[in-house]
Amino acid sequence: MKIFGLSAKERIKKKKEFELLYTKGKTIYSASQKLKAIYYINSIGQVGVKVAFVVSRKSGKAVWRNRLKRLLRESFRLNKAILKSMCEEKKINLLLIISSNTLNQKNNKKIKLWDIMPEVLDLMNQIKLRI
RNA sequence: GAAUCAUGUUGGGCAGUUGCUCUCUGAUUUUUAUGAAAUCAGGGGGAGGAAAGUCCGAACACCACAGAACAGGGUGCCGGGUAACGCCCGGGGGCCUGAAGACGUAAGUCUCAGGUUACGGAAAGUGCCACAGAAAAAAUACCGCCCUGUUAUAACAGGGUAAGGGUGAAAAGGCGAGGUAAGAGCUCACCGCUCCGAUAGUAAUAUCGGAGGUCUCGUGAUGAACGAGAUCCUGCAAAAUUGCAGGACAAGGCAAACCCCACCCGGUGCAAGGUCAAGCAGAAGGCCUCCCUUUUAACAGGGAAAGGGUUGUUCGCCCUAAGUGCCUUCGGGUAGACCGCUGGACCACGAUAGUAAUAUCGUGGCUAGAUAAAUAACUGCCACCCGCUCUAUGGCGGGUACAGAAUUCGGCUUAUAGACAUGAUUCAUCA
RNA sequence: GCGGGCGUAACUCAGUUGGUAGAGUAGUAGCUUCCCAAGCUAAAUGUCGCGGGUUCGAGUCCCGUCGCCCGCU
């Protein structure tokens, strides 16, 4: 398994998993309110982290939404070791959605990786403390 | 050389690191084993001119369907192109702009160049045209003009009149002459309009020509107008001199009001549709052992065997038996998976036909296929633009558009930084 | 992907054979009251989402465009 990789097994793809998260998951927000995260600790599945990135249709046009999702994924991919080691220690299955909250195309037309990375790290550290 | 406009092409490049997706090759592991899955390594492919809006047209799929008509919807100068179109090309008419040329004192007209155009029918019928105005459509007399009558020559009454005034977006062809009581296509010339004929053209359309004369009678205050008749003219029919028809100023605008005419259209859309198929529910069938004790039998007790689980094997241990039981088969089919899914009205170049759109032929090429949805992130260098600074072939900072495939094509519309090419116009400089 | 609807005053909505755009609430000014509320009176408020076209004249008819909402799975 690659250290910085993010293969299809590590992403949420099934509709049932999304429904589980949206009905039973807990929501937390980043410090600047720009991003939010929904997480759920599943006792049944395999040990590890499964993640998805969601950007609302109202926040911008397709090009902008794609770029934000790619930047979110990049930020998670480079830092996923933080959560992965925790989950392997405690032997739990963590489902996670990282989503945009107040961030939209009108606020930041040009977004860069260094705008997104600290927000994602903040969210991941919050989850780490709560596990 | 610069600016503007139009049309067309293009839509930053190179290298490194870390990733995603499809595909090919190889290795390892697992397994229900010539197969499949997972992981790793290597090679190759990986957004657009609009992928967008979803406004049209098709392919393809399913449903419906003998055929025709109605309803409903769409299109609308003419010809061509196309699989088809509301698209494209060419031509015609209208409108606008320009000024090169011709005519003219000028206004302007003609020619030319460019742009633009939802451009069938108002003489099938219905409807609408606010306010103003006398009157808004087979009409009408407010002011004015003219005639007649009454009387106290200034008014009233009756009538004629659409030339002038006034109203309005629009007032019943324009202009001049004749004519008249005053006027009027009332008549005439020219222009315009409509119809007919000829010529050119496939056609829209363009050009040219033509669209009666004389006389009599009646109604009418004159004039006009209307009606009737005779003769000549043109065409047709009969047939040997007869019959019929024609000879016009008629017709304001609106059909993106209803409508009429011509042509076209069955409906739904890849979330179409198809294949496999857990689980749950349903139907059919089968299995649930043997021995001993006791008993009518069942139950119960003991033993043996069977099936499953436990750590790779054996032993051992645990669970199982007439009910929420187990097994097999069947049809429909949910979750899910797979197919549809990318080689096609394809792309590039060349030749031929055509004014062109386009078509045909030849050669070469294969160019995304995801599905909570890949095609990316970061760094460095270069290219272009802007700002600041200065040691001026430099340094620093910032910027490089619009925008992301989702069954696939043909168009249209809209968004768009910059670069390049061609053409037109204007300006400047030089010869 | 496909289909349907709506944009009018600060807010909620009317607006039909196309003819100067209204109602309620809110706000403003005045009257009333010792003061406030309620009540009465008056005036003001609109690029009818935007851009074209048809028409003498478009909120209304036609075309394009922008924004918002809803349904189908």
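Before reading on, note that the structure itself is shown above.
Residues numbered from 1 in each chain as written. Chains lettered and ligands numbered in written order. Predicted model: local features only at pLDDT ≥ 70, side-chain atom pairs only at ≥ 80, totals over all residues. Heavy atoms only, no water.

Enquirer: Give me the lowdown on the packing of helix α2 (residues 62-79) against helix α4 (residues 113-130), citing residues and values where you can.
Expert: Close contact between α2 and α4 brings their axes to 9 Å; oriented N to C, the two are set at 55°. Considering the angle they form, α2 stands oblique to α4. Crossing angle aside, the handedness with which α2 passes α4 is right-handed. Here α2 contributes Leu68, Leu71, Leu72, Glu74, Ser75, Phe76, Leu78 and Asn79 to the contact with α4, which in turn contributes Leu113, Ile116, Met117, Val120, Leu121 and Met124. Classifying every residue of the contact of α2 with α4 gives 11 nonpolar, two polar and one charged. (Axes fitted to C-alpha atoms, helices over the stretch in contact; angles between N-to-C directions. Helix = DSSP H or I, 4+ residues; strand = E, 2+ residues; numbered from the N terminus. Parallel < 35°, antiparallel > 145°, perpendicular 65-115°, else oblique. Left-handed = near helix turned anticlockwise from the far one by under 90°. Contact = heavy atoms within 4.5 Å. Nonpolar A, V, L, I, M, F, W, Y, C, P; charged D, E, K, R; others polar.)

Enquirer: Lay out the sheet that holds strand β2 (residues 35-42) with the relevant residues and their values.
Expert: Strand order across the open sheet formed by four strands is β1-β2-β4-β3, with mixed pairing between neighbours. Every other strand in the sheet has two partners, leaving β1 (26-29) and β3 (48-54) as the edge strands with one partner each. Direction aside, neighbouring strands of the sheet carry axes that sit 20° apart on average. Across the sheet, α2 lies against β2, β3 and β4 (93-100), angled at about 160° from β3, the strand it touches most. Where helix α3 (residues 81-90) meets the sheet, it contacts β3 and β4, and its direction lies at approximately 140° from that of β3. (Pairing = 2+ DSSP bridges.)

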